[in-house]
Amino acid sequence: MIDRSPRLHRLARLAMLALFGLLAQIAVACAHASFSSSDPEDGAVVERAPSTYTLSFSEPVSPLTLKLVTPDGASIPLERFKVKDRTVEIVAPADLGRGTHVLTWRVTSADGHPIGGSIVFSIGTATAEPPPIGDEVDAVVRAGVLGSKVALYIGLFIGVGGAFASRWLIDGARRGRNVVMAALGIGIIGTLASLAFQGLDALGAPIALIAEPRVWSTAMATSVGATVSVAAVAIATAVAALLSHGHVSRLLSLVAVILTGAALSLSGHAAAAEPQWLMRTAVFLHAVAITFWVGALAPLGLALRASCSQVESPDVAQMQQKQTVTRTHVSASRLRRGDPAAAAALRRFSTIVPYAVAALVAAGLVLAVVQVREPRALIDTAYGQLLLAKAGLLVGLFLLAAVNRWRLTGPAVAGNGPATSRLVRLVAAETAIVLLIFAIAASWRFTPPPRALAAVAEQAATAHIHTDKAIAFVKAMPGRAGQVDLSVRLLDGKSQALDAKKVTFVLSKPDSGIEPFKRPAEQDAKGDWRNEHMTIPLPGTWHIRIDVLSGDFEMVRLEGQISIRPSASATITATP
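Residues numbered from 1 in each chain as written. Predicted model: local features only at pLDDT ≥ 70, side-chain atom pairs only at ≥ 80, totals over all residues. Heavy atoms only, no water.

Helix and strand counts for the protein come out as 15 helices and 17 strands. Burial statistics for the protein: of 576 residues in total, 49% are counted as buried. The long-range fraction of contacts in the protein, counting pairs at least 24 apart against all pairs at least 6 apart in sequence, stands at 70%. Of the accessible surface of the protein, which amounts to about 27500 Å², a share of 60% is contributed by carbon and sulfur atoms. (Helix = DSSP H or I, 4+ residues; strand = E, 2+ residues; numbered from the N terminus. Buried < 20%, exposed > 50% of the residue type's maximum accessible area, 1.4 Å probe, protein only. Contact = heavy atoms within 4.5 Å. Areas by Shrake-Rupley, 256 points an atom, 1.4 Å probe, with all protein chains shown as cover.)

So, in structure tokens, the structure goes:
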């Protein structure tokens, strides 16, 4: 028989390199809940300082930091606010001066992930340049978020699942206990690290502030805090199950599995999606099925390995001296004389695992349909690409499981040594694939699902153009490629309404070879100039020029740039 192990190892290494290359591209976190509107509006010029500010979002949020940056660059914390469902009402500071101000915010959405942004508005008159706002990404914190989630998954799925398998599948056997305890230890570290890095990411704080109490309290105030708390109880319960005996240990391990499903259904993309009753139930079933399947791999594999590596007894040695026995018979003797629970455990696992896989697939399909919405998003979004990578690994996992179930389980239970050895190797391969799947699942923390991207794509794109003669506040609604409503509010150099006779939009995108094209604008009842059926064919940064024929027949030209996001549904390739 040809040994295909080296070839399989090379393919596995190539697959891992390709996967890590994909994961390396996921570097910047995106919004999961999305900002909808504000009062005052972004780019507005108001005569008097507002007494309150209002921020509205697509989902309920909890404020983390709110502050106002004044024209001189000073930062004023905004600590008085009320949250009403999807709206945050903020009490404005008194005695604000004239000029351009920036209301900057950072909130956490229902899925536990922080998002932030800024609103620019002016009192009386607009400042030539708004005060700068920094928004740097801390790579160390992001790496910590990713690593801590993987550690938490190891503790829950391998640790808690392993404790359950040790008590229900391999009753009384101690094989794999050290591995399970080690996984639970990693999970404990993961719970603490998850809280720390969640708090740092939520506040936008550097790693140096990890010991600050407000970092930990902020993390506990998010939905991730609830997940980590329940996960810690699940891990502690699993440890107690391993240290106890009899029916008590079985009951504790079952409770730990249930707590694992509950923990993961309390936060995350899927748990925050509608309808909540369906999505949270699907997450719970998905997590419980993974816990059963993955948790059994290490204890079962180690028990089988011990079975096929037992040294032959003196009786077998004497038999070999007296008569010729086949290798298969010796191997069978080895298995029977090894761990007595191994064959029975394998039989139980093989009987139950098809039902766990069915539950896993059914729940996963529900989650994928709600999150992805349409097939094209599997290719066009980072979330979809990671989902395809996970699906590919799962297919490999299912194939290995099928070989184990229908080709190797029977011979292994019957005592066939070579079949048992091969089964152990394939179980180890399954475990390696599972670890890669954990990395993908953790990376979803940084990639909003297509359902959230669709909401983000509907937000307006804005631009603020300021010259000595005029000021323009440009808005494209929605701010993504395709047909948009392009409007502009025009003010003169004194921040008064500009008397215009004719307005024309001129757009170009030199980096894509698109020369300038013109579209006329019409004045609406509010005094803004707009073109309700403007087609912007490509995402990216566009050069926009606004030609304004003023009341005294003077031509004023305002030039700037506006950033257009990709379409959430399809890439529009029409030319102007």
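Reading across the sheet, the four strands line up as E1-E3-E7-E6 and stay open at both edges, with antiparallel pairing between neighbours. Each edge of the open sheet carries a strand with a single partner, namely strand E1 (35–39) and strand E6 (81–84). Pairs of neighbouring strands in the sheet enclose a mean axial angle of 15°, with direction left out of account. The pairing of E1 with strand E3 (residues 52–57) spans four bridges and is classified as antiparallel. Paired with Ser37 across the bridge in E3 is Ser56. (Pairing = 2+ DSSP bridges. Axes fitted to C-alpha atoms, helices over the stretch in contact; angles between N-to-C directions.)

So, about the packing of helix H11 (residues 342–372) against helix H13 (residues 382–414). For the pair H11 and H13, interaxial distance at closest approach is 11 Å and the crossing angle is 160°. One finds that H11 runs roughly antiparallel with respect to H13. In this structure, the crossing between H11 and H13 has a hand that is left-handed. Contact residues: Ala343, Leu346, Arg347, Ser350, Pro354, Val357, Leu360, Val361, Ala368, Gln371 and Val372 in H11; Tyr383, Leu387, Phe398, Arg405, Thr409, Ala412 and Val413 in H13. (Parallel < 35°, antiparallel > 145°, perpendicular 65-115°, else oblique. Left-handed = near helix turned anticlockwise from the far one by under 90°.)

Taking 1.5 Å of rise per residue, the 30 residues of helix H2 (residues 139–168) would be expected to cover 44 Å, and the 42 Å separating its terminal C-alpha atoms lies within 8% of that figure. Counting buried positions along H2 gives 22 out of 30 residues, so the element sits mostly inside the fold. (Expected span 1.5 Å × (residues − 1).)

Judged by nonpolar contacts, the single largest core of 78 residues is most densely connected at Leu156, Phe157, Val160, Trp293, Phe349 and Phe438. At the level of elements, H2, helix H3 (177–203), helix H5 (223–243), helix H6 (246–264), helix H8 (276–307), H11, H13 and helix H14 (417–443) are the ones that each hand at least two residues to this core. At 14 residues, the largest contribution of residues to this core is made by H8. Apart from residues lying up to four places away in sequence, Val160 is in contact with Gly155, Leu184, Ala234, Ile235, Ala238, Ala256, Val257, Thr260 and Thr291. Of all hydrophobic cores here, the second largest spans 31 residues; its members include Leu486, Val503, Ile544 and Ile564. (Core = buried A, V, L, I, M, F, W, Y, C linked by side-chain atoms within 4.5 Å.)

It is worth spelling out the pattern of salt bridges at this point. Summed over all chains, the structure comprises 13 salt bridges. Among the ionic pairs, Asp547 bridges to Arg545, the shortest N-O distance being 2.9 Å. With respect to class, Asp547 is no different from Arg545; both count as buried. Across the pair Asp547 and Arg557 runs a salt bridge whose closest N-O atoms are separated by 3.4 Å. Here Asp547, found in strand E16 (residues 540–550), pairs with Arg557, found in strand E17 (residues 555–564); they are ten residues apart in sequence, far enough to count as distant. With relative accessibility at 51%, the residue Arg557 sits in the exposed group. Overlapping salt bridges, with partners in common, bring together Arg106, Arg142, Asp201 and Arg445 in one network. (Salt bridge = Lys/Arg side-chain N within 4 Å of Asp/Glu carboxyl O.)

In this section: the sheet that holds strand E5 (residues 75–77). The strand order across the open sheet built from five strands is E2-E9-E8-E4-E5, with neighbouring strands paired in mixed fashion. Strands with a single pairing partner mark the edges of an open sheet, and in this sheet they are strand E2 (45–46) and E5. Where strand E4 (residues 61–69) and E5 come together, three bridges link them in antiparallel fashion. Looking at the pairing, Val69 lines up with Ser75 of E5.

Secondary-structure assignment places Thr100 in strand E8 (residues 99–109). Within the local environment of Thr100, its side chain forms a polar contact with the side chain of Ser122, the two groups lying 2.8 Å apart. (Polar contact = N/O pair within 3.5 Å; in protein donor to acceptor, adjacent residues only side chain to side chain.)

Taking 1.5 Å per residue as the helical rise, H5 with its 21 residues ought to reach 30 Å, and the 31 Å between its terminal C-alpha atoms agrees with that figure. Within H5, the full set of buried residues consists of Ser223, Val224, Gly225, Thr227, Val228, Ala231, Ala234, Ile235, Thr237, Ala238, Ala241 and Leu242. Elements that come into contact with the buried residues of H5 comprise H2, H3, helix H4 (213–220) and H6.

Attention now moves to the packing of aromatic side chains. Tallying each qualifying case throughout the model produces eleven aromatic pairs. On the basis of an interplanar angle of 70° and a centroid distance of 6.3 Å, the ring pair of Phe164 and Phe292 is categorised as edge-to-face. Of the two residues, Phe164 sits in helix H2 while Phe292 sits in helix H8, which places them 128 residues apart along the sequence. Accessibility assignment for this pair places Phe164 and Phe292 in one class, buried. Relative to Trp444, the ring of Tyr383 lies with its centre 5.0 Å away and its plane at 25°, an arrangement referred to as stacked. Here Tyr383 is found in helix H13, whereas its partner Trp444 is found in the loop between H14 and helix H15 (450–457), with 61 residues between them in sequence. Put simply, the rings of Phe164, Trp168, Phe292 and Phe349 touch in pairs and so form one group of aromatic residues. The ring of Trp168 carries Arg250 above its face, with NZ or CZ at 4.8 Å from the centroid. (Phe/Tyr/Trp six-rings, centres within 6.5 Å; stacked < 30°, edge-to-face > 60°. Lys NZ or Arg CZ within 6 Å of the ring centre and 35° of its normal.)

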